[in-house]
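# Notes for the structure review
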Amino acid sequence: MLQTKATSPLLGAAQAAFLGGPVAINLASHDAALVPSIARAFGCRVSADRLEVVVFLSQPRSRRILDDLAAGAPIAAVFSRPATHVTLQLKAAGARIQRLTEGDREIMLACGAAFIAEIMALGYSENFSRALMAPAGDDAVGVAFTPEAVFEQTPGPKAGMRLEPKP
């Protein structure tokens, strides 16, 4: 069962840093009929106290999931590093859609550049890599949530294991 209100961060400092690294970020939710919605995010920001995560989405490319989240649906966010397949999943009972704040566009560009470099080192072409992470323009929004559960999702015997809070 997910806790309803985080009073201390579930994310440790290393986990928070990982979320901002060269990772693929995918979000999932569902509508009232439980039809799933998904979107690729273009970076994220973790609050200094590690209680809130904000992921950045393109509104036109993410309309369904944004509608679902605005209606109060839960959110799952998966962060996976391509070179190692290290993966974390965060879940929350809901999320808040917000305008970008000062510095968010720079974070999106930095996250995109790090991801592009990561997958190019794995042999993906520059054109493909840049197209995949084409930054959202003025249509970007933030999706803020407080993680209520964190799961290890790296392939292997611990995949699916709920992680306990770390300092």
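## Considering the side chain of R50
With respect to the helices and strands, the residue R50 is situated in the loop between strand 3 (44–46) and strand 4 (53–58). A distance of 2.6 Å separates a polar atom in the side chain of R50 from the backbone oxygen of L11.

## Some remarks on the packing of aromatic side chains
By convention here, two paired aromatic rings are described through the distance between centres and the angle between planes. Summed over all chains, the structure comprises 1 aromatic pair. Each ring, one from Y124 and one from F128, has its centre 5.5 Å from the other, and the planes form 25 degrees; the classification is stacked.

## What about the pairing of strand 4?
Counting buried residues along strand 4, 6 of its 6 residues qualify, which places the element largely inside the surrounding structure. Where burial is concerned, the two faces of strand 4 agree: the one with V53, V55 and L57 and the one with V54, F56 and S58 are both buried. Summarising the sheet, strand 3 and strand 4 pair through 3 bridges and their orientation is antiparallel. Its bridge partner lying in strand 4, C44 is registered against V55. Where strand 3 folds back onto strand 4 in an antiparallel hairpin, the turn is made up of 6 residues, including R50, whose phi is positive at roughly 65 degrees. For strand 4 and strand 8 (residues 140–145), the ladder comprises 6 bridges, and the chain directions are antiparallel. If you follow L57 over to strand 8, its bridge partner there is V141.

## As for the nonpolar core
With 27 residues, the main nonpolar core has L19, V55, L57 and F79 as its most contacted residues. At the level of secondary structure, the elements contributing two or more residues to this core comprise helix 1 (13–19), strand 1 (24–30), strand 2 (36–41), strand 4, helix 2 (63–70), strand 5 (75–80), strand 6 (87–92) and strand 8. When near neighbours in sequence (up to four residues on either side) are disregarded, V55 contacts I25, L27, A41, G43, C44, F79, V141, G142, V143 and F145. In this structure, A24, F42, I119 and A140 belong to the second largest nonpolar core, which totals 12 residues.

## Structural notes on the environment of T7
With respect to the helices, strands and loops of the structure, T7 is situated in the segment before helix 1. Residue class for T7 comes out exposed when judged on its relative accessible area of 73%. Sequence separation between T7 and L51 is 44 residues, and the spatial gap between their C-alpha atoms is 8.1 Å.

## Looking at the pairing of strand 5
Among the 6 residues that make up strand 5, 5 are buried, leaving the element largely enclosed by the rest of the structure. Pairing of strand 5 with strand 6 involves 6 bridges; the strand directions are antiparallel. Paired with S80 across the bridge in strand 6 is T87. Where strand 5 folds back onto strand 6 in an antiparallel hairpin, the turn is made up of 6 residues, including H85, whose phi is positive at roughly 65 degrees.

The rules we used
Residues numbered from 1 in each chain as written. Predicted model: local features only at pLDDT ≥ 70, side-chain atom pairs only at ≥ 80, totals over all residues. Heavy atoms only, no water. Helix = DSSP H or I, 4+ residues; strand = E, 2+ residues; numbered from the N terminus. Polar contact = N/O pair within 3.5 Å; in protein donor to acceptor, adjacent residues only side chain to side chain. Phe/Tyr/Trp six-rings, centres within 6.5 Å; stacked < 30°, edge-to-face > 60°. Buried < 20%, exposed > 50% of the residue type's maximum accessible area, 1.4 Å probe, protein only. Pairing = 2+ DSSP bridges. Core = buried A, V, L, I, M, F, W, Y, C linked by side-chain atoms within 4.5 Å. Contact = heavy atoms within 4.5 Å.

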